Amino acid sequence: MYMSLNRKEMLKQFETIINYSFEKKEFLEQALTHSSYANEHREQNVKDNERLEFLGDAILDLIVSEYLFKKYSTSQEGDLSKFRASIVCEESLAKAGKQLDLGKYILLGHGEEMGGGRSRDSIIADAFEAVTGAMLVDSSYEQVKTFLTNTLIESIKNTSANQLYKDYKTLLQVESQKIIDTVLSYTVIKEKGPDHEKEFEVEVAQNGKVIGTGHGKTKREAEQMAAHNGLINRYHYKK
């Protein structure tokens, strides 16, 4: 694909932010290309970032698992899995991506652009994973580890085990029980993507009234995000 001078400068700017210069710039460009843009430019044989996102997801799990294994030496497997899930989730990845101003550099289709996709958590989280995958293909495991240590992991270095994992569904249940005859219900309202890479959208309702919506790569993650947003919307919860 032809890359304009302006686009080249933007990619160079992003490389400065992440403190890594790609040997093969096409990997970075692909990592920052959303499927909506690729679909609108099929005649140019543009590749989207979904394959790199798949790779990035795997390497994220490995590096975060290694970090947690070493830091929380007395924690059991179940707790370590919960800790990892709270770090390698859409909310955390999107937060890390936004700190890098990642949304500014993503190539989006017209519809996604007009719909606010540049600031959408799911798109930014996926692009963060794709950049991680692209960096692995372009360099090495150690380089990716350095990148994640300085971005995603840095944000939780001083977090205790008790603080790291929050069960928002339980917290919401506790708050709701303070009100007599309160019933919470979770409903999957949308599924998209292939079976191996699903994305779920879940609503949580309190006595039939929707109080929060969440997205995630599993129903459980989406329910947790819906409960989190329900806590914020209904009970003014702060992290």
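Our structure is the block above this text.
Residues numbered from 1 in each chain as written. Predicted model: local features only at pLDDT ≥ 70, side-chain atom pairs only at ≥ 80, totals over all residues. Heavy atoms only, no water.

What to know about the side chain of Glu53
The criterion, for reference: Helix and strand assignments follow DSSP, with helices taken as H or I runs no shorter than four residues and strands as E runs no shorter than two, numbered in order from the N terminus. The contact criterion used throughout is that any non-hydrogen atoms of two residues lie within 4.5 Å.
If you trace the backbone, Glu53 turns up in helix H4 (residues 50-71). When neighbours within four sequence positions are excluded, Glu53 is seen to be in contact with Asp126, Glu129, Ala130, Glu197 and Lys217.

Here we look at the packing of helix H11 (residues 168-176) against helix H12 (residues 219-235)
How we decide: Here an angle of 0 to 180 degrees is reported between the N-to-C directions of two axes, which are lines fitted to C-alpha atoms, with helices fitted over the stretch in contact. With the far helix as reference, a near helix turned anticlockwise by less than a right angle produces a left-handed crossing, and one turned clockwise produces a right-handed crossing. Polar here means any residue outside two lists: the nonpolar Ala, Val, Leu, Ile, Met, Phe, Trp, Tyr, Cys and Pro, and the charged Asp, Glu, Lys and Arg; Gly therefore counts as polar.
Across the interface, H11 lies against H12 with an axial gap of 8 Å and an inter-helix angle of 35°. At the point where H11 passes H12, the crossing takes the left-handed sense. Contacts between H11 and H12 involve Tyr168, Lys169, Leu171, Leu172, Glu175 and Ser176 on the former and, on the latter, Glu223, Gln224, Met225, Ala227, His228, Gly230, Leu231 and Tyr235. Classifying every residue of the contact of H11 with H12 by side-chain character gives seven nonpolar, four polar and three charged.

Description of the environment of Ile123
What counts, and what does not: To sort residues, take the accessible area from a 1.4 Å probe on protein chains only and compare it with the maximum for the residue type: under 20% means buried, over 50% means exposed, and anything in between is partly exposed.
Mapped onto the elements of the fold, Ile123 is located in helix H8 (residues 121-138). In this structure Ile123 comes out as buried when scored by relative accessible area, which is 5%. For Ile123 and Glu112, which are 11 residues apart along the polypeptide, the C-alpha to C-alpha distance reads 9.7 Å.

Examining helix H9 (residues 141-150)
Spelled out, the test is: Note: the arc covers the axis-to-C-beta directions of the helix.
Of the residues making up H9, those classed as buried are Val144, Phe147 and Leu148. Buried residues of H9 fall within an arc of 95° about the axis and therefore sit on the same side.

Concerning the sheet that holds strand S3 (residues 209-216)
Note the threshold: Any two strands with at least two DSSP bridges between them are considered paired.
Taking strand neighbours across the sheet as the criterion, the three strands line up as S1-S2-S3 in an open arrangement whose pairing is antiparallel. Here the strands that pair on one side only, and so sit at the sheet edges, are strand S1 (184-192) and S3. Geometrically, the sheet is characterised by an average inter-axis angle of 20° between neighbouring strands, direction not taken into account. Here strand S2 (residues 199-206) pairs with S3 via seven bridges, running antiparallel. Considered in S3, the bridge of Gln206 is made with Lys209. The sheet strands contacting H11 are S1, S2 and S3, and the helix crosses S1 at an angle near 145°.

Note that every value here comes from positions in space, so none of it alone points to a role or purpose.
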